[in-house]
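Listed here are the chains, written in short residue letters.
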Amino acid sequence: MPSHDLSSPPKPGQSSCRSCWLAAPGLLWMGLFFLAPLALVFAISFASRGTYGGIVWEFTAANYLDLWHPLYGRILGQSLWYASLTTAICFSLGFPLAYMIARSPARWQPVLLLLVMLPFWTNFLVRTYAWMIVLRQDGLVNGLLLALGIVDAPLELLYTPTAVVIGLVYGYLPFMVLPLYVAVERLDPLLVEAAWDLYASRWAVFTQVVVPLTMPGIVGGCVLVFIPSIGSFITPDLLGGARSMMIGNLIQHEYLVVRDWPLGSAVSFVLMAIVMAAVVLYYRHAARTPGPLEGR
Amino acid sequence: MSLWGLCLLWLAGALSSCGQGGGSDPAGSRPVLHYFTWSDYVGPELIQEFERREGVKVVIDTFSSNEELLAKLQSGATGYDVAVPSDFMVAIMIQQGLLSELDQQSLPNASFLEPHLQALPFDPERRYSIPYLWGSVGIGYDAAVIPTPPDSWAILWDERYKGRISMLNDQREVFGAVLRSMGQSMNSTDPQVIEAAKERLLRQKPLVKTYTSDHYDQLLASGEVVLAHAWGGPVARAMVERPSIRYVVPKEGATLWADCLVVLRTAPQKRLAMRFINYLMEPQVAARTSERLRFASASRSARELVNASTRDNPAVYPPVDQLDRLEWMKDVGRGIRLYDRAWTELKMQ
């Protein structure tokens, strides 16, 4: 199937910019609806708030200084932990699944991918409410556990950190599976076969051949899961019972509940800076370490 | 399976999830009224009746707290015609210049207002607002689990009910309850008092299953919680499904509230907005609203029309002898910063 690799690639270096204008609509869109609002949020993060909310344009760095309060550090730490855990679980569930899909008969692949994406056809909020029904005391999970005699009393599932992580994994698993699927599909099975022929162990085949060659997919999947989960607020609100905050809840809380837009903007920027730093660090690291098969 | 296929699948998903909402009105040029109200606060059939009667379309958008309503309007959200802020938020919105004066001539149904709601402290001449639904805040509880009827807020700090308590997800209400339990006014602006209230709430937090303003009627009805800090209406709704649910206004006192109909200064359809408000105040319509939502109507004539089980339910219509125990929530001015900070700290811990 990866026959597109055989078509003649455009000669590198011949980067005439005759097709640059094709990017114009996209750039315009990004400029108007992404960069401009972002600049505005940045400006607001240095403003002050009025008594009833709203923005008073007096320059201050107080919003960033406020964030040194240990409580904010704790929220950030908790969010990083939830997001990392979600990413790790998504990876361990998603990788085998993506591998299976990419190695299944070609005519089955669209159906399997469709099944992965099916949940997206329903609103996220509705799906989260469905999880509340599944997890609550007289819900499906507890009903099943009780019926099988595994537990005597219903478990506390809803409104716990576990419920939050379940909800996040459920919500973002497809974001992990899709890039991994693309990466595995491009992985040449002959290379895996060659590794076997050279007496590589099962583990060595996985860690030294499969993982390095699917690294772009792994990174893509992890980034796509980590970033939305660290900023999520619906899931912790509904499945966590609004008892603990993730950083997304803090931002929403500052904007919509206490109407402190400047502080909310400052939190948004700190979050963005952390995420960007992590991604940049990773890509620089990845660029410096050559893959095992490069220059073959 | 090509990348094209993937893209198509994404697109299908994206399109299906944004199918409803937005877009153009299929009926073409009918005038559109934008109604901004609490979640679960309208009877759809009453709205449809108004649409049919006036040949218009009503678009409903919802908020889940007064603060959210204010935040959205402050962010420059325009296009809304009629909104339903509570008492103290009406005061703030008047002060912020967000409201348009009501045209008294087009509100004949205002004459049906309950006497005690005719001149409320936040807008005594009803220049900007007209009371719509009102009631008390109290505790909804399951009498099958809690044998002795509680009469104090202290029950919400009882270790025996750990993990089976829900609190409103509303800063002024939560602080209001704890302040009254401390013998203070719920409109205190004393930093030390608010700090002490926060400490009490932090001690309570491990017992609280969830902070929610939206679906605690279902939590009560399903037995998931046995004590709920609550507006009366949802408790009355839970009673229908689970007859052992009761409602009490603690002896230390609680909130008296009135949600009011207002027209926004930026409303595109001011005339239609007045007709809509007058329609909602029509005794028949108000009575049906009251029956459906199980909140007390501000219309005296509507009270006479609702059936006795609703009228005599203390969760719906606060009994007269309770009124002196209830306190209006007021705009606390700069003091709101103290509540904002304390609420953030409570939720962050």
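Residues numbered from 1 in each chain as written. Chains lettered and ligands numbered in written order. Predicted model: local features only at pLDDT ≥ 70, side-chain atom pairs only at ≥ 80, totals over all residues. Heavy atoms only, no water.

Moving on, we come to the overall build of chain A. Scanning chain A from terminus to terminus reveals 13 helices and two strands. Its C-alpha atoms give chain A principal-axis dimensions of roughly 70 × 65 × 35 Å. Looking at chain A as a whole, 40% of its 296 residues qualify as buried. Taking all contacts inside chain A whose residues are at least 6 apart in sequence as the whole, residues at least 24 apart take part in 64%. Of the roughly 16,700 Å² of accessible surface on chain A, a fraction of 72% belongs to carbon and sulfur atoms. Charge centroids of chain A, computed over 15 positive and 14 negative side chains, lie 7 Å from each other. (Helix = DSSP H or I, 4+ residues; strand = E, 2+ residues; numbered from the N terminus. Buried < 20%, exposed > 50% of the residue type's maximum accessible area, 1.4 Å probe, protein only. Contact = heavy atoms within 4.5 Å. Areas by Shrake-Rupley, 256 points an atom, 1.4 Å probe, with all protein chains shown as cover. Lys, Arg positive; Asp, Glu negative; His and termini not counted. Charge placed at Lys NZ, Arg CZ, Asp CG, Glu CD.)

Residue and element names in this part refer to chain B. UniProt's feature table lists "binding site: spermidine" (unreviewed entry) at Asp170, Gln171, Arg172 and Glu173, given in the numbering used throughout. Relative to the helices and strands, Arg172 resides in helix α5 (residues 171-181). Contacts of Arg172, omitting those with residues within four sequence positions, involve Glu67, Phe88, Met186, Asn187, Met329, Lys330, Val332, Ile336 and Tyr339. In this structure the side chain of Arg172 is engaged in a polar contact, spanning 2.8 Å, whose partner is the side chain of Asn187. Tracing the sequence through the fold places Glu173 in helix α5. (UniProt positions renumbered as here; feature names shortened; annotations may be inferred. Polar contact = N/O pair within 3.5 Å; in protein donor to acceptor, adjacent residues only side chain to side chain.)

A few words now on the interface of chain A and chain B. Each partner contributes residues to the interface: chain A has 45 residues there, and chain B has 45 residues. Roughly 4,100 Å² of surface becomes buried between chain A and chain B when both sides are summed, with 59% attributable to carbon and sulfur atoms. Counting every contact that joins chain A to chain B gives two salt bridges. For the interface between chain A and chain B, the tally reads 14 residue pairs in polar contact (both at pLDDT 80 or more). Every element with two or more residues in the side of chain A that touches chain B is listed here: β1 (48-50), β2 (53-56), α3 (70-103), α4 (109-117), α7 (161-186) and α12 (247-257) of chain A. The residue inventory of the side of chain A that touches chain B, partitioned by class, reads 26 nonpolar, nine polar and ten charged. (Buried area = accessible area lost by both parts, 1.4 Å probe. Salt bridge = Lys/Arg side-chain N within 4 Å of Asp/Glu carboxyl O. Nonpolar A, V, L, I, M, F, W, Y, C, P; charged D, E, K, R; others polar.)

This part takes up the packing of aromatic side chains. Where two aromatic rings form a pair, the distance of their centres and the angle of their planes describe that pair. Residue and element names in this part refer to chain B. Under the counting rule described, the total for this entry stands at 27 aromatic pairs over all chains. Consider the rings of Phe36 and Phe63, whose centres lie 5.1 Å apart with planes at 80°: the pair is edge-to-face. Residue Phe36 is located in strand β1 (residues 32-38), and its partner Phe63 is located in strand β2 (residues 57-63); the two are separated by 27 residues in the primary sequence. Given a relative accessible area of 0%, Phe36 falls into the buried group. (Phe/Tyr/Trp six-rings, centres within 6.5 Å; stacked < 30°, edge-to-face > 60°.)

With that settled, the discussion passes to the nonpolar core. In this structure, B:Tyr35, B:Tyr41, B:Ile130, B:Phe175, B:Leu227, B:Leu261 and B:Ile277 are the most contacted members of the largest nonpolar core, which totals 132 residues. Of the residues that make up this core, three or more belong to each of domain 1 (28-134 + 257-321) and domain 2 (135-255 + 327-348) of chain B. Setting aside residues no more than four positions away along its own chain, B:Leu227 makes contact with B:Ile139, B:Gly140, B:Tyr141, B:Ile146, B:Ile155, B:Leu156, B:Tyr161, B:Arg164, B:Ile165 and B:Ser166. Within the second largest apolar cluster, 35 residues are counted, among which are A:Tyr172, A:Phe175, A:Val177 and A:Val205. (Core = buried A, V, L, I, M, F, W, Y, C linked by side-chain atoms within 4.5 Å. Domains from an automatic or database assignment.)

This paragraph deals with the environment of B:Asp214. Residues and elements named next belong to chain B. Along the polypeptide, Asp214 turns up in the loop between β7 (208-211) and α7 (216-222). Once the C-alpha coordinates of Asp214 and Trp38 are considered, the two residues, 176 residues apart in sequence, prove to be 9.5 Å apart. Excluding residues that lie within four positions of it along the chain, Asp214 makes contacts with Ser39 and Ser64. Engagement of the side chain of Asp214 in a polar contact is seen with the side chain of Ser39, the distance being 3.3 Å.

Residues and elements named next belong to chain B. Counted by the stated rule, this structure contains 18 salt bridges over all chains. A salt bridge links Lys198 to Glu195; the shortest N-O distance between them is 3.3 Å. Of this pair, Lys198 and Glu195 both sit in helix α6 (residues 191-204), three residues apart, which is roughly one turn of that helix. Its relative accessible area of 5% is what places Lys198 among the buried residues. Here the salt bridges share partners, and the residues they tie into one network are Asp40, Asp217 and Arg237.

With respect to the helices and strands, the residue B:Thr289 is situated in helix α10 (residues 283-293). When its relative accessible area of 2% is taken as the criterion, B:Thr289 is described as buried.

Residue and element names in this part refer to chain B. Structurally, the position occupied by Thr37 is in strand β1. The exposure class assigned to Thr37 is buried, which follows from its relative accessible area of 0%. In this view, Thr37 contacts Val42, Ile60, Asp61, Thr62, Phe63 and Val84; residues no more than four positions away in its chain are not counted.

Attention now moves to the packing of helix α5 (residues 124-135) of chain A against helix α6 (residues 140-147) of chain A. Residues and elements named next belong to chain A. Contact geometry of α5 with α6 gives a least axis separation of 4 Å together with a crossing angle of 25°. Taken together, α5 and α6 sit at an angle that is classed as roughly parallel. Together, Ile133, Val134 and Leu135 of α5 and Leu140, Val141 and Asn142 of α6 make up the contact between the two elements. Partitioning the contact of α5 with α6 into residue classes produces five nonpolar, one polar and no charged. (Axes fitted to C-alpha atoms, helices over the stretch in contact; angles between N-to-C directions. Parallel < 35°, antiparallel > 145°, perpendicular 65-115°, else oblique.)

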